[in-house]
Amino acid sequence: MAQLVLNGNESLGIEFGSTRIKLVLVNSACEVLASGGFTWENRLENGVWTYHTDEIWNGLKTAYSELNENVKSITGAYIETLGSIGFSAMMHGYLPFDKDDNLLVPFRTWRNTITGEAASELTKLFGFNIPQRWSIAHLYQAILNGEEHVKDIAYFTTLAGYVHYKLTGEKVLGIGDASGMFPIDSDINNYDEAMLDKFASLEKVKAYSWDIRKILPRVLIAGENAGTLTTEGAALLDEKGIIKSGIPLCPPEGDAGTGMTATNSVTVRTGNVSAGTSIFSMIVLEKALASVYEEIDMVTTPTGKPVAMVHCNNCCTDLDYWVNVFTDFAKRSGSELTKPQIYDLLYNSALEAKADCGGLVNFNYFSGEPVSHTEDGRPMFLRAQGAEFSLANFFRAQIYSTMATLKIGMRILEKEDVKIDKLFGHGGLFKTPVVGQKLMAGAMNAPVSVMKTAGEGGAWGAAVLAAYMLAKGGSLEDYLENTVFAKCESSTVEPDINDVKGFEEYMVNYEKAMTAEIAAYENF
C-alpha cells in the first residue's frame with residue numbers, strides 16, 4: 001500500500017460482491033491507501049436466492065468502520081471528507097420499490113434461474129438475448145406470474161443502484177450496470193428505444209399504470225457526476241457520524257464494469273475473466289455478433305462500448321468447500337498449516353496432475369447454468385473406472401470445473417471469429433500465483449495476464465472510476481492506459497499445448513457426464 005497522507009482528495013471504492021463487501025481507499029494516482037471488508041453470503045429462501053436489506057447496511061457500516069480504523073491507526077484521524085466515492089455491486093437481479101421507497105419483494109439476485117419463460121419471450125420479442133438474470137426478465141416474469149406487487153412498482157433497480165440511491169437520492173445507474181437491466185443502444189448510450197416500445201406495447205404490460213421508461217434508472221456514463229452524499233446517506237455509511245455530506249459520487253456500476261476497469265480491458269479486442277463465486281468473461285467487440293445467442297449476453301463497458309459477456313453462475317464455491325474439508329483434516333491432524341497455505345498447497349498440486357485430470361470430472365453446480373442449459377444444480381464429483389485418483393488429479397479437476405461452463409460459451413465467440421489481443425484474469429481463482437493463470441490460459445487457448453492490482457478487484461475498480469470523475473476530461477481508455485496502469489506490474493502466461501489438449505479431453509468427459517448432473521438435480 002502507498003503511504004497514507006489524507007488531504008481530502010482521496011477516492012473511495014465500495015463493492016458488494018457475492019461473498020464479501022469490500023472498500024478500498026486510493027489517492028489521486030489510484031494507489032491503495034487502506035481497505036476494509038465484511039463477509040456475507042446469499043441464502044436460499046422460499047426457492048429464491050437473496051440477501052436481506054439489514055445485511056446490506058450492517059455490512060456496509062462494518063466494512064467502512066474497518067477501513068476507517070485502519071486509517072486512524074496510520075494517520076491518527078478518521079476520514080472527514082473525500083474527493084469522490086464510487087459504488088459497484090453484483091449486476092442484474094430485481095429490487096422493486098413503491099412510491100414510498102418500500103421494497104416490495106425480497107431482493108432477487110443474479111443467481112436465480114426462475115425467469116425462463118420471461119427470458120425466452122423477451123428474447124424472441126426483441127431479437128436480442130435476454131438472460132434469466134436480467135432485471136427486465138425478473139420484472140416480466142413477475143407479470144406473467146400475476147404477482148400482486150407489480151401494480152405498486154414506482155421504481156426498480158440493481159443492488160448498486162439501490163445503495164447509491166439511498167446515499168444520494170439519485171435514481172441513476174452507470175451504463176454497464178444498466179446494460180444488465182435492459183438492452184442498451186451504444187449509439188445513444190441509453191436504453192434501446194425500439195425495445196422499450198415493444199415492451200410497453202405488450203398487452204400484459206399495458207394492464208399496469210406505470211411507464212417502463214419512468215421506472216428504470218437514468219443512465220450515465222463513466223466520468224459523469226451522479227450526485228452527492230446526503231446527510232442521511234452519510235449516516236448509513238459512517239456509524240461514527242464523522243464523514244461530511246456533499247462528497248460527489250460517480251455512476252454506480254456493476255461488477256462487470258469495475259472488473260473491466262480494474263484490468264484495463266475497456267478497449268476493443270481486450271477482455272477479462274472474473275473468477276470468484278461466479279465466473280464470467282467480458283470481451284470488447286470490434287463489431288456486433290452475426291447472430292443472437294442465448295449463451296452470450298450483450299452488455300457494455302462503463303463508457304458504452306458493446307461487450308460480449310459469457311456469464312456462469314458457479315465458480316469457486318464448490319472448490320472452497322473442498323478446501324474447507326482439507327483444512328478440517330489438517331487441523332484434526334495437528335498441522336499448523338493456515339488456510340491460505342492449504343489453498344496454495346492444493347493449487348500447486350494441480351500442476352503435477354495429468355493434463356486431462358486422469359479421468360476425473362467435477363461439477364461445481366450449486367444452481368442452474370443457462371450456458372449449459374441446466375435448470376438446477378447439484379455439486380458432484382465423478383471418476384471413471386480405472387481413473388487415476390490422486391490428490392493432484394482431484395484438485396486439477398476442481399479448478400477445471402470452475403472454467404468448464406465458461407469454455408462452452410467462449411466456443412461461440414471462437415466460431416464468430418472474435419479477436420482477443422489481451423485477456424486479463426482477476427478474482428479469487430488467481431490469488432495463488434501462476435496456477436489459475438496457467439490453467440485458464442490452457443482452457444481458453446489464449447495468453448492470460450494478471451496485474452499486481454488484480455487482487456483488489458472490483459472495489460479498486462470502483463475507486464478508479466470515482467477518481468476518473470475527478471480527472472476532468474480525456475477518455476477512460478486514455479486515463480487507464482496513461483495514468484492508472486502506466487507503471488503497473490503484470491505477468492503473462494502463454495497457453496501450454498499440453499494444457500490446451502488436456503483441457504479439451506477433460507471437456508469431452510465433462511459434456512458426456514452432463515446427463516448424470518441433470519439426473520442428479522432432477523432426482524436428488
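Residues numbered from 1 in each chain as written. Predicted model: local features only at pLDDT ≥ 70, side-chain atom pairs only at ≥ 80, totals over all residues. Heavy atoms only, no water.

Draft legend 1. Fine view of the packing of helix α11 (residues 317-332) against helix α12 (residues 339-349). Orientation of α11 relative to α12, taken along the N-to-C sense of each, is 115°, at an axis distance of 10 Å. Put simply, α11 runs roughly perpendicular to α12. Here the hand of the crossing between α11 and α12 comes out right-handed. Only Lys 339, Ile 342, Tyr 343, Leu 346 and Tyr 347 of α12 make contact with α11, whose side of the interface consists of Leu 319, Asp 320, Val 323, Asn 324, Phe 326, Thr 327 and Ala 330. Considered class by class, the residues forming the contact of α11 with α12 number eight nonpolar, two polar and two charged. (Axes fitted to C-alpha atoms, helices over the stretch in contact; angles between N-to-C directions. Helix = DSSP H or I, 4+ residues; strand = E, 2+ residues; numbered from the N terminus. Parallel < 35°, antiparallel > 145°, perpendicular 65-115°, else oblique. Left-handed = near helix turned anticlockwise from the far one by under 90°. Contact = heavy atoms within 4.5 Å. Nonpolar A, V, L, I, M, F, W, Y, C, P; charged D, E, K, R; others polar.)

Draft legend 2. Spatial organisation of the pairing of strand β14 (residues 270-275). Within β14, six of the six residues are buried, leaving the element largely enclosed by the surrounding structure. The alternating pattern of β14 places Thr 270, Asn 272 and Ser 274 on one face and Gly 271, Val 273 and Ala 275 on the opposite face, and all of these are buried. Two strands pair when backbone bridges link them, and β14 and strand β20 (residues 422-426) are joined in this way by five bridges, in the parallel orientation. Considered in β20, the bridge of Asn 272 is made with Phe 424. As judged from the five bridges shared by β14 and strand β15 (residues 279-284), these two strands associate in the antiparallel manner. The residue of β15 that forms the bridge with Asn 272 is Met 282. In sequence, β14 turns back onto β15 through a hairpin of three residues. (Buried < 20%, exposed > 50% of the residue type's maximum accessible area, 1.4 Å probe, protein only. Pairing = 2+ DSSP bridges.)

Draft legend 3. Seen up close, the state of the cysteines. Counting across every chain of the model gives zero disulfides. Cysteine Cys 316 is unpaired, with the sulfur of Cys 315 as its nearest cysteine sulfur at 3.7 Å. Here Cys 316 falls in the buried class, since its relative accessible area comes to 7%. (Disulfide = S-S within 2.5 Å.)

Draft legend 4. Structural context of the sheet that holds β14. Reading across from one edge, β16-β17-β15-β14-β20-β21-β22 is the order of the seven strands in this open sheet, with mixed pairing throughout. The sheet terminates laterally at β16 (297-300) and β22 (490-493), the two strands that pair on one side only. Shown here is a sheet whose adjacent strand axes are inclined to one another by a mean of 25°, direction ignored. As defined by bridge partners, β20 adjoins strand β21 (residues 448-451) across two bridges and the pair is classed as parallel. For Leu 423, the partnering residue across the bridge sits in β21 and is Val 448.

Draft legend 5. Here's a closer look at the sheet that holds strand β13 (residues 253-254). Read across the open sheet, the five strands follow the order β3-β2-β1-β6-β13; overall the sheet is mixed. Each end of this open sheet is capped by a strand with a single partner; those strands are β3 (32-39) and β13. With two bridges connecting them, strand β6 (residues 84-89) and β13 associate as parallel partners. Bridged to Ser 88 within β13 is Glu 253. Together, β1 (11-16), β2 (20-26), β3, β6 and β13 form the strand contacts of helix α15 (residues 457-471), whose direction differs from that of β1 by roughly 140°.

Draft legend 6. Structural view of α11. For α11, built from 16 residues, the straight-helix expectation of 22 Å at 1.5 Å per residue is met to within 8% by its first-to-last C-alpha distance of 23 Å. Along α11, the residues classified as buried are Thr 317, Asp 318, Leu 319, Val 323 and Ala 330. For α11, the secondary structure elements touched by its buried residues are α12, β18 (360-363) and α13 (391-415). One or two positions beyond α11, positive phi appears at Gly 334, with a value near 90°. (Expected span 1.5 Å × (residues − 1).)

Draft legend 7. Highlighting the side chain of Asp 98. For Asp 98, the location among the structural elements is in the loop between β7 (95-97) and α2 (116-126). Within polar-contact distance, the side chain of Asp 98 engages the backbone nitrogen of Asp 100 at 2.9 Å. Residue contacts for Asp 98: discarding those within four places in its chain leaves Leu 104, Asp 152 and Ala 154. (Polar contact = N/O pair within 3.5 Å; in protein donor to acceptor, adjacent residues only side chain to side chain.)

Draft legend 8. Local environment of the environment of Val 32. Positionally, Val 32 belongs in strand β3. According to the relative accessible area criterion, Val 32 is buried, its value standing at 13%.

Draft legend 9. Examining the pattern of salt bridges more closely. Applying the stated criterion across every chain, the model contains 26 salt bridges. Of the charged contacts in the structure, one is a salt bridge between Glu 80 and Lys 244, with a shortest N-O distance of 3.9 Å. You can see Glu 80 sitting in the loop between α1 (53-75) and β6 and its partner Lys 244 sitting in the loop between α9 (231-237) and β13, a full 164 residues away along the chain. Its salt-bridge partner being Glu 477, residue Lys 305 comes within 2.7 Å of it at the nearest N-O pair. Linking Lys 305 in the loop between β16 and β17 (306-312) with Glu 477 in helix α16 (residues 476-484), this pair joins segments that are 172 residues apart in sequence. Since its relative accessible area comes to 12%, Glu 477 is described here as buried. Ionic contacts of the salt-bridge type, sharing partners, join the residues Lys 407, Arg 411, Glu 414, Glu 504 and Glu 511 into one network. (Salt bridge = Lys/Arg side-chain N within 4 Å of Asp/Glu carboxyl O.)

Draft legend 10. Spatial organisation of the packing of aromatic side chains. Counted by the stated rule, this structure contains 29 aromatic pairs. Positioned above the aromatic ring of Trp 49, the side-chain terminus of Arg 111 is 4.5 Å from the ring centre. (Phe/Tyr/Trp six-rings, centres within 6.5 Å; stacked < 30°, edge-to-face > 60°. Lys NZ or Arg CZ within 6 Å of the ring centre and 35° of its normal.)

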